[in-house]
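# An overview of the molecular structure
So the chains spell out like this:
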Amino acid sequence: MSRTTPDSAHRRKRLGYPAAAAVFAVGMAGTTLPTPLYGLYREHLGFSELMVTVVFAVYALGVIATLLLAGNVSDEAGRRPVLLAALGFSAASALCLLFEGGLPALLAGRLLSGFAAGLLSGAATVTVMELAPPGRAARAGLAATAANMGGLGCGPLLSGLLAEYAPWPLRLPFVVHLALIAVAAVLTWFLPETVASARVRGVRLRPQGLAVPPTMRGVFATSALAAFAGFSLLGLFTAVAPAFVAETLDVHNLALTGLVVFSVFLASTAGQALMGRVGERRALPGGCFVLVGGLLLVGASLLFTSLPLLVAGALCGGLGQGLAFRGAVTAISAAAPAEHRAATVSAFFVIAYLGISLPVVGVGALTLGIGLRNAGLTFAGCVLALALGVGLYLARRPPAPR
């Protein structure tokens with residue numbers, strides 16, 4: 001029988017957090033994989049732009065339901081079983097979309113994808129941070145948030161490239177993702193378990209609401225509002241921007257569409273990397289103000305039907321969103337008691353995913369009455385006002401230094 005020495009156990013833990021971040025990224029990539037393909041689905045299935053936002057909202061509904069029902073399950077069952085379950089949901093989602101079973105299969109696939117993202121958002125974030133060796137907490141925090149945003153960005157880039165330049169545009173992206181899920185499952189199997197008293201049996205799923213310890217509600221509220229505004233921008237690019245690129249700008253290259261969506265998530269990752277220089281105290285208000293600049297550019301791109309302005313808005317807005325997002329995750333993770341950390345992070349993501357879903361459905365509904373451009377302008381104005389208000393509040397009352 002082989003034995004695990006202390007040195008090998010330490011080495012596995014040291015290598016664990018990059019592997020956990022890779023698993024996180026693969027899982028999140030599947031949630032945005034269909035983004036450049038919505039135009040093809042509309043042609044095949046014949047539904048409106050409102051239905052595109054409804055399909056996207058079904059995904060967000062799955063995320064929110066999972067966070068509310070099972071946001072703390074990894075605190076009891078352990079991180080590794082929850083990560084494996086999330087990858088299972090992601091694989092089931094890919095299979096639904098792979099076989100093109102019409103609108104019901106598309107809705108089912110997006111719902112399953114939401115379940116996967118809901119489990120990953122809390123459990124994977126905490127896993128990456130808990131596997132960090134001493135002195136690497138800041139680097140692990142960046143790895144967790146970068147894996148989240150980087151995975152979300154790589155999904156549309158991968159599917160856009162495959163759909164434009166490879167055969168079977170509605171099938172091959174999901175075959176490739178299934179292969180990546182298999183690799184991620186192997187990595188997850190060998191990750192160290194960080195919950196000492198993990199017990200899979202006897203765990204009950206129960207509605208928990210937004211579980212926020214009273215001692216940190218002030219930090220949670222400001223962080224969650226900043227995340228709501230930033231994720232609203234991400235939702236716009238993930239669900240509506242492809243239609244704007246195709247219909248308003250008359251650009252029909254799916255790889256370019258995927259690249260535009262990728263740019264906002266790439267900028268988000270860059271914004272997260274900047275927090276070490278900016279500092280947590282200034283990251284939240286500063287990120288909100290940069291987000292305001294991005295929203296102004298997005299509005300200008302809608303007014304002047306300009307692809308360069310849209311890309312500039314994606315880069316600027318993504319930078320602000322990433323800066324504020326990492327500051328928020330770091331503040332919440334540090335302030336939450338260890339026994340409630342996953343539940344608190346999950347509650348934070350509930351607010352974030354409300355931001356990524358509700359405003360986007362509003363845009364889809366407005367599109368039927370006032371058109372895509374005016375609906376986008378209305379969206380930009382409302383989210384800009386929210387981001388500006390949160391930024392001004394945080395500028396006067398920044399998070400207390402830890």
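Residues numbered from 1 in each chain as written. Predicted model: local features only at pLDDT ≥ 70, side-chain atom pairs only at ≥ 80, totals over all residues. Heavy atoms only, no water.

Taking an unreviewed UniProt entry as the reference, the protein is identified by name as Permease of the major facilitator superfamily belonging to Streptomyces griseus subsp. griseus. Under the Subcellular location (unreviewed entry) heading, UniProt states for the protein: "Cell membrane". (UniProt positions renumbered as here; feature names shortened; annotations may be inferred.)

Let us now look at the packing of aromatic side chains. By the definition in use, this model includes six aromatic pairs. Where tyrosine 59 meets tyrosine 353, the ring centres are 6.2 Å apart and the plane angle is 75°; that geometry is what we call edge-to-face. Of this pair, tyrosine 59 sits in helix H3 (residues 49-70) while tyrosine 353 sits in helix H13 (residues 341-396), placing them 294 residues apart in sequence. Residues tyrosine 59 and tyrosine 353 agree in their burial class; the two are buried. Following the ring pairs from residue to residue traces out a cluster consisting of Phe56, Tyr59, Phe231, Phe325, Phe348 and Tyr353. A cation over an aromatic ring shows up here: arginine 110 above the ring of tyrosine 59, its NZ or CZ 4.7 Å from the ring centre. (Phe/Tyr/Trp six-rings, centres within 6.5 Å; stacked < 30°, edge-to-face > 60°. Helix = DSSP H or I, 4+ residues; strand = E, 2+ residues; numbered from the N terminus. Buried < 20%, exposed > 50% of the residue type's maximum accessible area, 1.4 Å probe, protein only. Lys NZ or Arg CZ within 6 Å of the ring centre and 35° of its normal.)

So, on to the pattern of salt bridges. Applying the stated rule across the entire model yields two salt bridges. Across the salt bridge formed by arginine 79 and glutamate 130, the nearest N and O atoms sit 2.9 Å from each other. Taken together, the residues arginine 79 in helix H5 (residues 79-98) and glutamate 130 in helix H6 (residues 103-130) connect sequence positions 51 residues apart. Residue arginine 79 is classed as buried on the basis of its relative accessible area, which comes to 4%. Residue class for glutamate 130 comes out partly exposed when judged on its relative accessible area of 22%. (Salt bridge = Lys/Arg side-chain N within 4 Å of Asp/Glu carboxyl O.)

Let's shift gears to the packing of H5 against H6. Where H5 contacts H6, the axes come no closer than 8 Å and their chain directions differ by 155°. Here H6 runs roughly antiparallel to H5, going by the angle between their axes. Crossing geometry of H5 relative to H6 is assigned as left-handed. When grouped by side-chain class, the residues that make up the contact of H5 with H6 number 19 nonpolar, five polar and two charged. (Axes fitted to C-alpha atoms, helices over the stretch in contact; angles between N-to-C directions. Parallel < 35°, antiparallel > 145°, perpendicular 65-115°, else oblique. Left-handed = near helix turned anticlockwise from the far one by under 90°. Nonpolar A, V, L, I, M, F, W, Y, C, P; charged D, E, K, R; others polar.)

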